[in-house]
Amino acid sequence: MSHDQRISAYRDRFDNHIVQERVAKVDALREAGTSPFANGFEVSHTAAQVYAEAGSMTAEELAERAIPVTVAGRLRLFRQMGKAAFLKLADRTCREGLKGAPSDDNFLQVFVSLGSVGQELFDRLLTFDLGDILGVRGTLMRTKTGELSVAATEIIMLTKSIRPLPDKFKGLSDVEQRYRMRYVDLVMNDEVREVFYKRTRIVSAIRSFLDRRDYLEVETPMMHATPGGAAARPFATHHNALNMQLFMRIAPELYLKRLLVGGMERVYEINRNFRNEGLSRKHNPEFTMLEFYQAYATWEDMMHLTEEMLCEVAATIHTPNEAGEIRFIAEEQEVSFARPWRRLRMSEGVAEALGVDEAQLDDLDFLREAARKAGADVARLDKGKMLVELFERRVEHTLIQPTFVVDFPASASPLARRKESNPELVDRFELYVLGRELANAFSELNDPEDQYGRFAAQLEAKAGGDDEAMPMDEDYVRALEYGMPPAAGEGIGIDRLVMLLTDSASIRDVILFPHMRPE
RNA sequence: GGGCCGUUAGCUCAGCUGGUAGAGCAGUGGACUUUUAAUCCAUUGGUCGCGAGUUCAAAUCUCGCACGGCCCA
């Protein structure tokens with residue numbers, strides 16, 4: 001097949017007249033000797049720079065100075081009125097609040113008049129379509145209604161867009177299309193772009209916070225021979241050359257703690273985890289996790305660090321009030337980050353929710369019956385796991401304000417250090433906000449014998465049918481045998497943190513390309 | 001996995017108890033030299049998600065499937 005035949009086959013796939021008209025313009029541009037897909041363009045000003053430089057100048061000042069600018073962006077609005085025309089361009093700085101009155105569309109306006117650009121360029125204007133990416137040279141001016149604009153002297157086609165953009169006013173609102181074609185969603189929806197700018201700010205603030213505390217950012221394997229560090233089912237894959245099974249990681253924990261053994265006393269990683277579970281508003285198969293570990297620290301140090309970090313991070317999104325407190329609305333509720341955050345023992349919370357005395361939770365029969373009534377499959381649960389089930393089903397969703405849930409059962413925490421006052425419990429907390437788990441932290445188990453025993457207990461649970469139980473990781477135990485300093489570590493779900501701080505209802509609203517079934 | 005809802009023009013949506021599809025925006029042609037979702041006149045555009053069934057007749061009723069949303073597990 002020749003190149004022309006392939007192109008023709010490509011074009012035959014479109015039966016939409018708008019696309020066909022635009023494709024004809026591509027041909028016309030080529031015939032006229034201009035490329036519809038230009039090779040670079042040197043820009044002197046972004047839209048924001050135009051406003052920063054000349055936003056306060058009067059029409060007379062602008063006319064006198066004749067400030068030359070070269071701008072570029074996507075054509076979003078086009079109004080032609082006889083021998084004059086207005087174009088509105090969007091570039092990366094065209095975001096909410098770029099400018100104020102008279103028009104508040106956040107675009108940069110370009111003014112073209114036949115008298116100043118001549119017939120050739122003015123005729124060429126008529127071949128432009130909404131969505132095209134244009135380069136404009138001109139000088140700054142203010143229109144009759146006072147809008148700062150670029151008076152064009154030259155307009156260059158940089159990229160011809162052959163598909164029409166959605167309705168200029170209603171935009172793209174179909175949720176499925178927004179996720180599948182995020183590139184269109186990002187063009188059309190300011191709020192969507194804003195969420196992802198905020199996401200980047202949040203992650204930068206976390207890095208900055210940890211970097212200032214002498215934490216080292218590292219990268220550990222995404223493909224594990226032994227999937228560990230969390231209770232979850234992994235995605236399996238296969239290495240052809242080595243002919244071996246590999247798993248996409250469910251957590252980086254065991255590798256980061258190996259680094260503690262190696263003397264990297266403060267490490268963190270912000271990267272993807274993969275869990276082979278269902279999709280929901282709160283779950284995407286791949287999601288981003290921050291994990292950090294600090295030698296010589298305890299779980300209580302982690303609580304303080306968490307309050308400090310999340311307040312600092314939240315302050316980049318929500319301005320603190322006069323008292324220095326951060327309060328914001330999410331899911332129609334006011335969330336207060338005012339410190340200190342509440343601490344709640346797990347059994348205390350469960351007893352309260354059940355309306356019983358905490359001592360009653362020691363009664364195994366009572367616990368089993370309560371868990372069964374709550375809808376848990378109690379068949380192969382031990383006492384600790386039943387308590388966790390009751391917590392998840394009866395308490396979790398009630399924890400709206402930041403709450404550290406403490407005193408987790410050891411059987412549900414195979415990598416955490418036992419409490420000195422009660423070896424049935426571990427030095428661990430989970431942070432809940434808006435009824436969702438946001439962070440999980442504990443003092444690390446560094447006793448290789450206990451760790452081996454806990455892995456062995458996990459193997460027994462797996463044999464008993466618990467498919468989320470962890471496998472034995474012999475090399476990790478070997479690492480502990482060399483000596484891991486006392487340490488504490490924590491994981492924070494980045495997607496959920498972004499959801500909280502941007503008041504996004506679905507994890508798909510904070511992941512650029514969420515997982516979708518094939519079309 | 002279960003329940004409910006949705007899928008109609010490029011986009012946003014109408015379309016009643018069945019009678020073979022409409023609007024706004026976008027597009028096309030025309031008027032207009034300072035517009036702000038510009039305006040005005042004219043106009044093109046549809047495998048009604050896919051597949052069966054009922055019927056003289058299906059976007060509409062029934063069943064199945066696909067994709068998505070919400071809720072539950």
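The following refers to the structure shown. (Residues numbered from 1 in each chain as written. Chains lettered and ligands numbered in written order. Predicted model: local features only at pLDDT ≥ 70, side-chain atom pairs only at ≥ 80, totals over all residues. Heavy atoms only, no water.)

**Structural notes on the pairing of strand E17 (residues 436–443)**
Buried residues dominate E17, accounting for 6 of its 8 residues. Note: strand E16 (residues 425–433) against E17, 6 bridges, orientation antiparallel. By the bridge assignment for E17, arginine 428 is matched with phenylalanine 442. Hairpin geometry of E16 and E17 is characterised by an intervening segment of 2 residues between the two adjacent antiparallel strands and by a positive phi of about 55 degrees at leucine 434. Bridge count for E17 against strand E18 (residues 487–493) is 5 bridges, and the pairing is antiparallel. Bridge pairing in E18 links alanine 441 to glutamate 490. (Buried < 20%, exposed > 50% of the residue type's maximum accessible area, 1.4 Å probe, protein only. Helix = DSSP H or I, 4+ residues; strand = E, 2+ residues; numbered from the N terminus. Pairing = 2+ DSSP bridges.)

**Quick look at the nonpolar core**
By size, the foremost hydrophobic cluster in this structure holds 49 residues, and its most contacted members are Ile206, Leu290, Phe292 and Phe337. Broken down by element, this core gets its largest block of residues, 9 residues, from helix H11 (residues 299–314). When near neighbours in sequence (up to four residues on either side) are disregarded, isoleucine 206 contacts Ile270, Leu290, Met309, Val313, Ile494 and Leu497. (Core = buried A, V, L, I, M, F, W, Y, C linked by side-chain atoms within 4.5 Å. Contact = heavy atoms within 4.5 Å.)

**A word on the sheet that holds strand E5 (residues 148–159)**
Reading around the barrel, the 5 strands line up as E1-E2-E3-E5-E4 and close back on themselves, with mixed pairing between neighbours. The average undirected angle you get between the axes of adjacent strands in this sheet is 55 degrees. Summarising the sheet, strand E4 (residues 133–142) and E5 pair through 10 bridges and their orientation is antiparallel. Note on E5: the bridge partner recorded for arginine 137 is glutamate 154. (Axes fitted to C-alpha atoms, helices over the stretch in contact; angles between N-to-C directions.)

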